[in-house]
Amino acid sequence: MLGRLASVVAKQLLHGQKVVCVRTEKICLSGGFIRQKMKYERFRRKRHLTNPKKGPYHYKAPSKILWRTIRGMVPHKTGRGALALGRLQTFEGCPAPFDKVKKLVVPEALKVLRLQHGHKYCELGELSTAVGWKYGETVEALEKARIERGASFWESKKAAMK
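**So, the overall build of the chain**
The secondary structure content of the chain amounts to 7 helices and 4 strands. Relative to its full complement of 162 residues, the chain shows a buried share of 31%. Look at the contacts in the chain between residues 6 or more apart in sequence, and 76% of them connect residues 24 or more apart. Charge-centre separation for the chain: the mean point of 35 positive side chains lies 11 Å from the mean point of 12 negative side chains.

What follows is the structure, given as structure tokens:
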């Protein structure tokens, strides 16, 4: 769940922890896809009246949506908050230096624990693609290749241990 994950990450950042969020396109939002899309479209209509280039920026990429959600939970206009946001990195997929690093999950933000059975939800990547993010298929292909590489590595490691 996006908000629960963002609040835990924001707290860790403010405590001085460096945080890297990978596979942000798989983050879940509670509520159906149509409802989330309408909500995001309302948000995208908010802009500066005379010069929209000055106005609020509406990111389409899942990593930037997560980044902005976390920014809303951090006092980013103070020195402490700016340093905290500097310790945050967000990525779609799992890029090269982080694919070999042990990953952690936030149990307080898991859909299976927080969303009641049968309730609607949507994924951030699906929403981003609907509002104009163009790289969903590319990230999906790269992730599929990464998972295949990991599986072949694991098979060779199992064979070597026998």
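From this point, things continue past the structure.
**Digging into the packing of aromatic side chains**
As enumerated under the stated definition, the model contains 3 aromatic pairs in all. With centroids separated by 6.3 Å and ring planes inclined at 85°, the aromatic side chains of Y59 and W67 adopt a geometry described as edge-to-face. We classify Y59 as partly exposed; its relative accessible area is 28%. Residue placement shows K64 over the ring face of Y59; its charged tip is 4.8 Å from the ring centre.

**Things to note about helix α7 (residues 136–161)**
Taking 1.5 Å per residue as the helical rise, α7 with its 26 residues ought to reach 38 Å, and the 37 Å between its terminal C-alpha atoms agrees with that figure. By the burial criterion, the buried members of α7 are G136, V139, E143 and R146. Residues of α7 that are buried sit in contact with α6 (124–130).

**Things to note about the packing of helix α1 (residues 2–14) against helix α3 (residues 62–71)**
Packing of α1 against α3 leaves a shortest axis separation of 9 Å and a crossing angle of 60°. One element, α1, and the other, α3, form an angle in the oblique class. Handedness of the α1/α3 crossing: right-handed. Across from L2, L5, A6, V9, A10 and L13 in α1, the residues of α3 making contact are L66, T69 and I70. Residues that form the contact of α1 with α3 fall into these classes: 8 nonpolar, 1 polar and no charged.

**Digging into a nonpolar patch on the surface**
A contiguous nonpolar patch, built from V105, L110, V112 and L113 and spanning about 400 Å² of accessible area, is present on the exposed surface. Looking at the element boundaries, V112 is found in helix α5 (residues 111–114). On the basis of relative accessible area, V112 is assigned to the exposed category, the value being 68%.

**Points about the nonpolar core**
In this structure, L5, V9, L13, L66, I70, L88 and L124 are the most contacted members of the largest nonpolar core, which totals 25 residues. If one sorts the elements of this core by residue count, α1 sits on top with 6 residues.

**Quick notes on the pattern of salt bridges**
Under the counting rule described, the total for this entry stands at 5 salt bridges. Between E143 and R23 there is a salt bridge, with the nearest N and O atoms lying 3.6 Å from each other. Of this pair, E143 sits in helix α7 while R23 sits in the loop between β1 (19–21) and β2 (28–30); the two residues are 120 residues apart in sequence, bridging distant segments of the chain. Judged by its relative accessible area of 9%, E143 is buried. Classification of R23 as partly exposed rests on a relative accessible area of 36%. The closest approach of N and O atoms between K158 and E155, which form a salt bridge, is 3.7 Å. Taken as a pair, K158 and E155 lie in helix α7 at a separation of 3 residues, close to a single helical turn. Owing to a relative accessible area of 34%, K158 belongs among the partly exposed residues under this scheme. When its relative accessible area of 46% is taken as the criterion, E155 is described as partly exposed. If you follow the salt bridges from partner to partner, you end up with R23, E143 and R146 in one network.

Cut-offs applied
Residues numbered from 1 in each chain as written. Predicted model: local features only at pLDDT ≥ 70, side-chain atom pairs only at ≥ 80, totals over all residues. Heavy atoms only, no water. Helix = DSSP H or I, 4+ residues; strand = E, 2+ residues; numbered from the N terminus. Buried < 20%, exposed > 50% of the residue type's maximum accessible area, 1.4 Å probe, protein only. Contact = heavy atoms within 4.5 Å. Lys, Arg positive; Asp, Glu negative; His and termini not counted. Charge placed at Lys NZ, Arg CZ, Asp CG, Glu CD. Phe/Tyr/Trp six-rings, centres within 6.5 Å; stacked < 30°, edge-to-face > 60°. Lys NZ or Arg CZ within 6 Å of the ring centre and 35° of its normal. Expected span 1.5 Å × (residues − 1). Axes fitted to C-alpha atoms, helices over the stretch in contact; angles between N-to-C directions. Parallel < 35°, antiparallel > 145°, perpendicular 65-115°, else oblique. Left-handed = near helix turned anticlockwise from the far one by under 90°. Nonpolar A, V, L, I, M, F, W, Y, C, P; charged D, E, K, R; others polar. Patch = residues over 30% accessible without salt bridge, like charges linked within 9 Å, V, L, I, M, F, W, Y side chains within 5 Å. Areas by Shrake-Rupley, 256 points an atom, 1.4 Å probe, with all protein chains shown as cover. Salt bridge = Lys/Arg side-chain N within 4 Å of Asp/Glu carboxyl O. Core = buried A, V, L, I, M, F, W, Y, C linked by side-chain atoms within 4.5 Å.

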